[in-house]
Amino acid sequence: MQDKIHVVVDTIAVSHETPLKDDPRCHVLRLITRHGNEEWWDGERSLEEMFAMVEKTGQLPGTSQPPVGYIHELFTNLAKEGKKVIYIAVDSVLSGTYQTCCMVAKQVMSEIKGADIRCVDGLTAACPLSGMAMEVLRLIDSGVEDMDKLEAFARDCALRTETYFTVKTLDYLQKGGRIGAVGALVGNILGIRPIVHLDREGKLLIGDKARTRKKVLKRMVELACSHDPIEEIFVAHAVVEDEAQALAKEMQERYPGVPVMVTSIGTVLAAHLGPGAIGVFVRRKA
């Protein structure tokens, strides 16, 4: 195992549910979730706990990116240990964490001679970010130590990742300003659910709409499968394990031999999507 270059992901990547949890070269930046007067690091509370708080009070949760000092400490410690860093961030349109980390990385590199910290906009969210970090580590283990090549590879992985997700309730997206109050009201009344797609710049677009959950999930799979050839598949969900496993099984049947990763999402992402959110992600072959 090569130990000169490490990777950093944030809690949006749910790395603790992937093989990265056992790799000492992977470090995690924790985002923050809050509800009322309570605040916690993403990962400290379960989705069930957070949604129970919402159910009890009717108040939706909020989130924030990691404090600057906390990011600075992590990057500084790694640099002082002589580690070079590739940070793969949650989509910069969804969170300001990427921009903040770029600023802090630049500061740390000016403070510590030889520090090399590369920040990559992952252009997606959830477990595909962990998938990218795993691919970077595999490339490092194959003998690649050139940071420019590793950064370019990570950026290419991000560009080749296609993201589709849907929700059960539009209230959370409406609160986050992703759709208007009237759109949320009409959608909830009529049962219309959007399939959201992240484009090459990480911007949210409506890929399609459908009236029933069954039709939404079916169409989401069809959209994901339109990106042949595919090298890896990811499914992420908010407390709908059965649906996630069913989607994973369908994707496996369509693409025998292609790896499929299934995880939950953390409280930060779930705070913006709500219970029942589910996504299918594919990484196209280079």
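For the structure, see preceding data.
Residues numbered from 1 in each chain as written. Predicted model: local features only at pLDDT ≥ 70, side-chain atom pairs only at ≥ 80, totals over all residues. Heavy atoms only, no water.

## What about the nonpolar core?
- The biggest cluster of nonpolar side chains holds 53 residues, and the ones touching the most others in it are I12, I86, I88, I265 and L273.
- For this core, the leading source of residues is helix α4 (residues 127-141), giving eight residues.
- The residues touching I12, leaving out its near neighbours within four places in the chain, are L31, D42, V90, A125, A126, L129, V268 and L269.
- With 23 residues, the next largest nonpolar core counts V216, V240, L247 and V282 among its residues. (Core = buried A, V, L, I, M, F, W, Y, C linked by side-chain atoms within 4.5 Å. Buried < 20%, exposed > 50% of the residue type's maximum accessible area, 1.4 Å probe, protein only. Helix = DSSP H or I, 4+ residues; strand = E, 2+ residues; numbered from the N terminus. Contact = heavy atoms within 4.5 Å.)

## Examining the pattern of salt bridges
- Inspection of every chain in the model, using the stated rule, returns 24 salt bridges.
- Note that K21 is salt-bridged to D22, the shortest N-O span being 3.5 Å.
- Accessibility expressed as a relative area gives 60% for D22, which makes it exposed.
- For D208, the salt bridge goes to R219, with nearest N and O atoms at 2.7 Å. Placement of D208 in strand β10 (residues 204-210) and of R219 in helix α8 (residues 213-224) is noted, with a sequence separation of eleven residues between them.
- When salt bridges that share partners are traced, they join E135, R138, D156, R160, E231, E232 and R283 into one network. (Salt bridge = Lys/Arg side-chain N within 4 Å of Asp/Glu carboxyl O.)

## Some remarks on α8
- For α8, built from twelve residues, the straight-helix expectation of 16 Å at 1.5 Å per residue is met to within 8% by its first-to-last C-alpha distance of 17 Å.
- What α8 keeps buried is the set R213, V216, L217, M220, V221, L223 and A224. Axial view of α8: buried residues confined to an arc of 160 degrees, hence all on one face. Exposed positions of α8 whose direction lies more than 90 degrees from the buried face are K214, K215 and K218.
- On its buried face, α8 is in contact with β8 (161-166), β9 (193-198), β10, β11 (230-237), α9 (241-254) and β13 (278-284). (Expected span 1.5 Å × (residues − 1). Arc of directions from axis to C-beta.)

## Concerning the sheet that holds β8
- Reading across from one edge, β10-β9-β8-β13-β11-β12 is the order of the six strands in this open sheet, with mixed pairing throughout. Bordering the open sheet on either side are β10 and β12 (260-264), each of which pairs with just one other strand. Between one strand and the next, the sheet's axes are offset by a mean angle of 20 degrees, whatever the strand orientation.
- Two elements, β9 and β10, share six bridges in a ladder whose sense is antiparallel. Looking across to β10, one finds that R193 is bridged to A210. (Pairing = 2+ DSSP bridges. Axes fitted to C-alpha atoms, helices over the stretch in contact; angles between N-to-C directions.)

## Thoughts on the environment of I192
- Among the structural elements, I192 can be located in the loop between α7 (181-190) and β9.
- C-alpha separation for the pair I192 and S142, spaced 50 residues apart in sequence, amounts to 47 Å.

## Side note on α9
- In this model, α9 (14 residues) spans 20 Å end to end at C-alpha, consistent with the 20 Å of a helix rising 1.5 Å per residue.
- Of the residues making up α9, those classed as buried are A244, L247, A248 and M251. On an axial view of α9, the arc spanned by its buried residues comes to 100 degrees, and they lie on one face. In α9, the exposed positions that point more than 90 degrees away from the buried face belong to D242, K249 and E253.
- As for α9, its buried residues are in contact with α8, β11, β12 and β13.

## Details of the packing of aromatic side chains
- Enumeration over the complete set of coordinates arrives at two aromatic pairs.
- Seen from the ring of W40, R45 lies directly overhead, with NZ or CZ sitting 4.8 Å from the centre. (Phe/Tyr/Trp six-rings, centres within 6.5 Å; stacked < 30°, edge-to-face > 60°. Lys NZ or Arg CZ within 6 Å of the ring centre and 35° of its normal.)

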